[in-house]
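Listed below are the residues making up each chain.
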Amino acid sequence: MTFRRKRTAILISGRGSNMRALVERARDPSYPAEIALVLSSRPDAAGLAFAKENGVACAVVDHKIYAGREEFERSMQVLLELHRIELICLAGFMRILTPWFIGQWPERLLNIHPALLPAYRGLNTHERALADGVKIHGCTVHFVEPAMDEGPIIAQAAVAVLDSDTPDSLAARVLAEEHAIYPAALARLAEGRLRVQGNRVFTSNPATEPVPSRVPLKG
Ligand code: GAR
């Protein structure tokens, strides 16, 4: 079967470990998405070095030089169109997007969040989960909607919270799961196999391949 890989941009602001997981997965020519652009909102984002070293086109749209959110986003949109981008993955992209930008990318804009949404939207998710004493925590890949960390859920992975956990140790186990479910979720989207109905996302042909959620509840 021949197919055209979907041109995908990854938007970052910092470390870029999820970007790295996506770039590494997309090295496989049978993976249905190619990473055509890494776009950073910060010139000093550490993740840019990995993208450059690995021959991925990089761009910086420095949010600080723009008067407002929408001017910043219009610059990003021009670049995304120049690079003929079809899908976008937010990967530690720490700018809130306007309804205008999100409206340009219906069902084509994904985010990863370090919590089992709808619990723990926003920042410091691991600290908050530990403070609440939850026993199960995790991460979520979802379509982006205008409200922060909201939108139909594509995949989740759960991790057990251990008595010995600190925010850092919990974050590290959750991050390993992020790196597993994000490439799996992007693949389903790029294959055109996701259907959104209200808040629910269905994967076509689930008999042969399940939705890429994971529950590895070992510590
Ligand atoms: C990740 O843990 C991601 O889930 C989180 O930022 C981190 C970025 O790490 N995103 C959010 O909190 C979005 N609400 P990375 O730059 O190494 O991928």
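Rules used in this analysis
Residues numbered from 1 in each chain as written. Predicted model: local features only at pLDDT ≥ 70, side-chain atom pairs only at ≥ 80, totals over all residues. Heavy atoms only, no water. Near = heavy atom within 4 Å. Polar contact = N/O pair within 3.5 Å; in protein donor to acceptor, adjacent residues only side chain to side chain. Areas by Shrake-Rupley, 256 points an atom, 1.4 Å probe, with all protein chains shown as cover. 1 Å grid on protein atoms, 1.4 Å probe; cavity = no way out; pocket = protein on both sides within 12 Å on 5 of 7 lines; lining within 4 Å. Sits in = over half its atoms within 2 Å of the grid points. Nonpolar A, V, L, I, M, F, W, Y, C, P; charged D, E, K, R; others polar. Points joined across faces, edges and corners; volume = space filled by probe spheres on them. Helix = DSSP H or I, 4+ residues; strand = E, 2+ residues; numbered from the N terminus. Core = buried A, V, L, I, M, F, W, Y, C linked by side-chain atoms within 4.5 Å. Buried < 20%, exposed > 50% of the residue type's maximum accessible area, 1.4 Å probe, protein only. Axes fitted to C-alpha atoms, helices over the stretch in contact; angles between N-to-C directions. Left-handed = near helix turned anticlockwise from the far one by under 90°. Contact = heavy atoms within 4.5 Å.

> Any chance you could explain the site of the ligand here in plain terms?
Taken together, R15, G16, S17, N18, G92, M94, I112, H113, P114, D149, L175 and E178 form the complete shell of residues around the ligand. Contact distances for the ligand include 2.8 Å between an oxygen atom and a side-chain N or O atom of E178. Within the complex, 88% of the 450 Å² of free accessible area of the ligand lies under protein. With respect to the pocket detection grid, the ligand is positioned in the largest pocket. In the shell around the ligand, the residues fall into 4 nonpolar, 5 polar and 3 charged.

> Please explain the layout of surface pockets as it appears in this structure.
Vacant regions in the atomic arrangement are exposed by a probe of water-molecule size rolled over the atoms. Size it by volume and the largest pocket reaches roughly 990 Å³. If you go around the largest pocket, you meet 38 residues; those closest to its centre are G92, M94, I112, P114 and L123. Where the lining of the largest pocket is concerned, the elements lending two or more residues are α1 (17-25), β5 (109-113), α5 (125-132) and α6 (167-190). Counting residues per element, the lining of the largest pocket draws most heavily on α6, at 6 residues. Looking at the lining of the largest pocket residue by residue, the class counts come to 18 nonpolar, 12 polar and 8 charged.

> Can you walk me through the nonpolar core in this structure?
Nonpolar side chains tend to gather and get buried jointly when the protein is soluble and globular. Counting residues in each nonpolar core, the largest one holds 39 residues, and the members touching the most others are I10, I35, V38, L110 and L186. Membership of the second largest hydrophobic core comes to 20 residues, among which are A36, V61, L80 and L90.

> In this structure, what is going on with the packing of α5 against α6? I would like to understand it.
Packed helix pairs are characterised by how far apart their axes lie and by the angle those axes make with each other. Contact geometry of α5 with α6 gives a least axis separation of 9 Å together with a crossing angle of 115 degrees. In this structure, α5 meets α6 at a crossing whose hand is right-handed. For the pair α5 and α6, the contacting residues are H126, E127 and L130 in the first and P167, L170, A171 and V174 in the second. The residue makeup of the contact of α5 with α6, split by class, is 5 nonpolar, 1 polar and 1 charged.

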